[in-house]
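What follows is the residue order along each chain.
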Amino acid sequence: MRIADVRATTVTVPLQAPLRHSNGAHWGRFVRTIVEIETDDGIVGLGEMGGGGQSAEAAIVALKEYLVGHDPARTETLRFMLANPTASLYNNRTQLLAAVEFACLDILGKHTSLPVHALLGGAVREEVEFASYLFFRYPSADGSGEVRDPDQLVAHARDLKSEHGFTVHKLKGGVFDPGYEREAYRALAEALPGDRFRYDPNGVLSPEESIEFARGIEDLPNDYLEDPCYGLNGMRRVRENTPIPLATNTVVVNFEQLATNVLAPAADVVLLDTTFWGGIRPCVRAAGVCETFQLGVAVHSSGELGIQLATMLHLGAVLPNLSFAADAHYHHLRDDVIEGGKMLYRDGRIAVPDTPGLGVSLDRDKVAEYAELYRELGPYPYDRDPGRAGWYPMLPNRDFADPTVAGRPAAMDREPY
Ligand SMILES: [Mg+2]
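Since we're looking at a predicted model, the values are computed, not measured.

Conventions we followed
Within each chain, residue numbers correspond to sequence positions counted from 1 in written order. Local features are withheld for residues below a pLDDT of 70 in this predicted model, meaning they are given only at 70 or higher, and side-chain atom pairs are given and counted only at 80 or more; totals for whole chains, interfaces and linings count all residues. Only runs of H or I of at least four residues qualify as helices and only runs of E of at least two qualify as strands under DSSP, and these elements are numbered from the N terminus. C-alpha atoms define the radius of gyration in this analysis, and the globule rule sets the expected value at 2.2 Å times the number of residues to the power 0.38. Put plainly, a residue is buried at 20 or more neighbouring C-beta atoms within 10 Å of its own, exposed at 12 or fewer, and partly exposed in between, counting only other residues' C-beta atoms, which are placed from the backbone. We call two residues in contact whenever the C-beta atoms placed from their backbones are within 7 Å. The domain boundaries here were taken from an automatic or database domain assignment. Gly falls in the polar group here, along with every residue not listed as nonpolar (Ala, Val, Leu, Ile, Met, Phe, Trp, Tyr, Cys, Pro) or charged (Asp, Glu, Lys, Arg). Here, a strand pair is defined by DSSP locating no fewer than two bridges between the strands. The axes used here are C-alpha line fits, helices contributing only the stretch in contact, and every angle between their N-to-C directions lies in the interval 0 to 180 degrees. For this analysis, nonpolar core means a set of buried Ala, Val, Leu, Ile, Met, Phe, Trp, Tyr and Cys residues linked through C-beta atoms within 7 Å. Handedness of each helix crossing follows the sense of rotation of the near helix against the far helix: counterclockwise by less than a right angle gives left-handed, clockwise gives right-handed. Expected span of a helix: the number of residues minus one, times 1.5 Å. To sort the angles, those under 35 degrees are grouped as roughly parallel, those over 145 as roughly antiparallel, those from 65 to 115 as roughly perpendicular, and the leftovers as oblique. Handedness is read with the strands pointing away from the viewer; a crossover is right-handed when the path from the first strand over the helix to the second is clockwise.

**Describing the overall build of the protein chain**
Phase 1: Looking only at helices and strands, the protein chain has 14 helices and 14 strands in total.
Phase 2: The C-alpha atoms of the protein chain give 21 Å as radius of gyration, which agrees with the globular expectation for 417 residues (22 Å, within 12%).
Phase 3: Along the three orthogonal principal directions, the C-alpha set of the protein chain runs to about 60 × 50 × 40 Å.
Phase 4: Expressed as a percentage of its 417 residues, the buried residues of the protein chain come to 52%.
Phase 5: Of the contacts formed within the protein chain by residues at least 6 apart in sequence, a portion of 74% connects residues at least 24 apart.

As structure tokens, this is what we get:
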């Protein structure tokens, strides 16, 4: 079996409302690139990567000359063929490698009639628990869905809990000043007794602000404080000054950083992202290191449609030391490109696919519909806030959004969602 073709299609899938974060916003939709790798015996493996539009399509298709003729079963060699660590100083292909790895594992599963989790050592659980991933939100185009003050946040969390059954709640912060967000987080915890909570401002606080924030929430049932500040040394200082575990998906995203974190711990929980780490298999390896050194792990979400979600489910299925709920943006999507429509949460959990490969297939009509939508709308600047012209975040950030400013920014007038 050899790889015979590589294809990529960028799609835009609408969100229920624009999601605000420390760097700006998702402007009412996700842009994702679907990767298809076909073998000479006609098996098609699926991959997915974030954003990128035409450049992502071109970058994936450019790998064709590396991949055609390669045996997809030799997945370990892909790391060196595409993203050798010293060559990657020049061509930084880790996220492309991840999308190719997903597709090769999908091919192998289909070829052997085994689900991907069976290729990774076998499932230790049949479903993966997820946290509600709560964002501050701009209103959608019809005026609904704004989340700006604590009352709106609590109502949103209650809605998601009743719809999907979440008992763990993550607040994505770093939008408003930390004092305001701390009170919003406390309001959440007080409104949902018995549930657990985590806060992630994407590293925009200083170490001192992080310590102050931690001390203001130490009495709550926190899973962890995620990337309060940016950098291993700042995180280490925060960790020495709070009993709350620290988690990261920003400063431990490769094996060199993981080694440093083992030798001089800065984070207690490593959030494994199948894209950031270059595939599902490196995440499994990293989880093994974490198990040995008694670090916690969870499954990170960098935004996903159903293909990427499947990679997260297969990862979550095989990690004995998965002691925290996974994150997903998935419930913020209005639709998906996979056959059968969006996967469903039941009691805050999603069942791990058990059919060969990743266990998802493309709904060709949906792919065509959302590829056309991408062609109509183009990309959006993920790292800009439509409500604040000219602003961009510093680390630590000193210029937060104003929570008294309500409504939808004029810059989004032409955005349909
Ligand atoms: Mg994070």
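**Things to note about the domain arrangement of the protein chain**
Phase 1: On domain assignment, one finds that the protein chain holds domain 1 (3–118 + 365–377) and domain 2 (121–361).
Phase 2: Counting residues at the interface gives 45 residues for domain 1, matched by 45 residues for domain 2.
Phase 3: A breakdown of the residues in the side of domain 1 that touches domain 2 according to their chemical character gives 23 nonpolar, 14 polar and 8 charged.

**Quick notes on the sheet that holds strand E12 (residues 269–272)**
Phase 1: Strand order in the open sheet formed by 9 strands is E3-E2-E7-E8-E9-E10-E11-E12-E13, and the pairing between neighbours is mixed. Looking along the sheet, the strands with just one partner apiece sit at the ends: strand E3 (24–26) and strand E13 (296–299). Averaged over neighbouring strand pairs, the angle between their axes works out to 35 degrees when direction is ignored.
Phase 2: Looking at chain direction, strand E11 (residues 246–248) and E12 are connected through 2 bridges and run parallel. Looking across to E12, one finds that Thr 248 is bridged to Val 270.
Phase 3: Each of strand E7 (132–137) and strand E8 (168–172) is contacted by helix H7 (residues 150–164), which is oriented at about 145 degrees to E7, the strand it contacts most.

**Remarks on the nonpolar core**
Phase 1: Val 35, Val 100, Val 269, Val 270, Leu 272 and Val 297 are the most contacted members of the largest nonpolar core, which has 127 residues in total.
Phase 2: Element by element, the count of residues in this core is highest for helix H5 (residues 94–112), at 11 residues.
Phase 3: In terms of domain composition, this core takes at least three residues from each of domain 1 (3–118 + 365–377) and domain 2 (121–361).
Phase 4: Every residue in contact with Val 269, bar those within four places of it in the chain, is listed here: Tyr 224, Pro 245, Ala 247, Leu 295, Gly 296, Val 297, Ala 298 and Phe 324.

**So, the packing of helix H9 (residues 207–215) against helix H10 (residues 232–239)**
Phase 1: Where H9 contacts H10, the axes come no closer than 9 Å and their chain directions differ by 35 degrees. Judged by the sense of rotation from one axis to the other, the crossing of H9 with H10 is right-handed. Across from Pro 207, Ser 210, Ile 211 and Ala 214 in H9, the residues of H10 making contact are Gly 234, Arg 237 and Val 238.
Phase 2: When grouped by side-chain class, the residues that make up the contact of H9 with H10 number 4 nonpolar, 2 polar and 1 charged.

**A short note on helix H13 (residues 306–318)**
Phase 1: With 13 residues, H13 extends 19 Å from end C-alpha to end C-alpha; this agrees with the ideal 18 Å at 1.5 Å per step.
Phase 2: Counting buried residues in H13 gives 13 out of 13 residues, a clear majority hidden from the surface.

**Digging into the environment of Gly 234**
Phase 1: Following the sequence through the fold, Gly 234 ends up in helix H10.
Phase 2: Look at Gly 234 and you get buried, because 23 C-beta atoms sit within 10 Å.
Phase 3: Gly 234 sits 43 residues away from Trp 277 along the chain, and the two C-alpha atoms are 22 Å apart.
Phase 4: Among all residues touching Gly 234, those that are not within four sequence positions of it are Pro 207 and Cys 229.

**Some remarks on the packing of H7 against helix H8 (residues 178–191)**
Phase 1: Running from N to C, H7 and H8 cross one another at 40 degrees; their axes reach a closest spacing of 9 Å. The angle between H7 and H8 falls in the class oblique. The two elements H7 and H8 meet at a crossing, and its hand is right-handed. For the pair H7 and H8, the contacting residues are Pro 150, Leu 153, Val 154 and Ala 157 in the first and Glu 183, Ala 184, Ala 187, Leu 188 and Ala 191 in the second.
Phase 2: Residue classes in the contact of H7 with H8 are distributed as 8 nonpolar, no polar and 1 charged.

**Re unusual backbone geometry**
Glycine aside, negative phi is the norm for most residues, and most peptide bonds take the trans geometry.
Phase 1: Of the consecutive residues Leu 395 and Pro 396, the connecting peptide bond is found in the cis state with omega at -5 degrees.
Phase 2: Considering the arrangement of structural elements, one finds Pro 396 in the segment after helix H14 (364–377).
Phase 3: Phi at Asn 202 takes a positive value of approximately 55 degrees, unusual for a residue other than glycine.
Phase 4: Its place among the elements puts Asn 202 in the loop between strand E9 (196–200) and H9.
Phase 5: With a phi close to 50 degrees, Asp 347 is a non-glycine residue in the positive phi region.

**Observations concerning the pairing of E13**
Phase 1: Burial along E13 is two-sided: Gly 296 and Ala 298 and Val 297 and Val 299, pointing in opposite directions, are all buried.
Phase 2: Where E12 lies against E13, 4 bridges are found, and the strand directions are parallel. Looking across to E13, one finds that Leu 271 is bridged to Ala 298.
Phase 3: Crossover E12 to E13 through helix H12 (residues 280–292) is right-handed.

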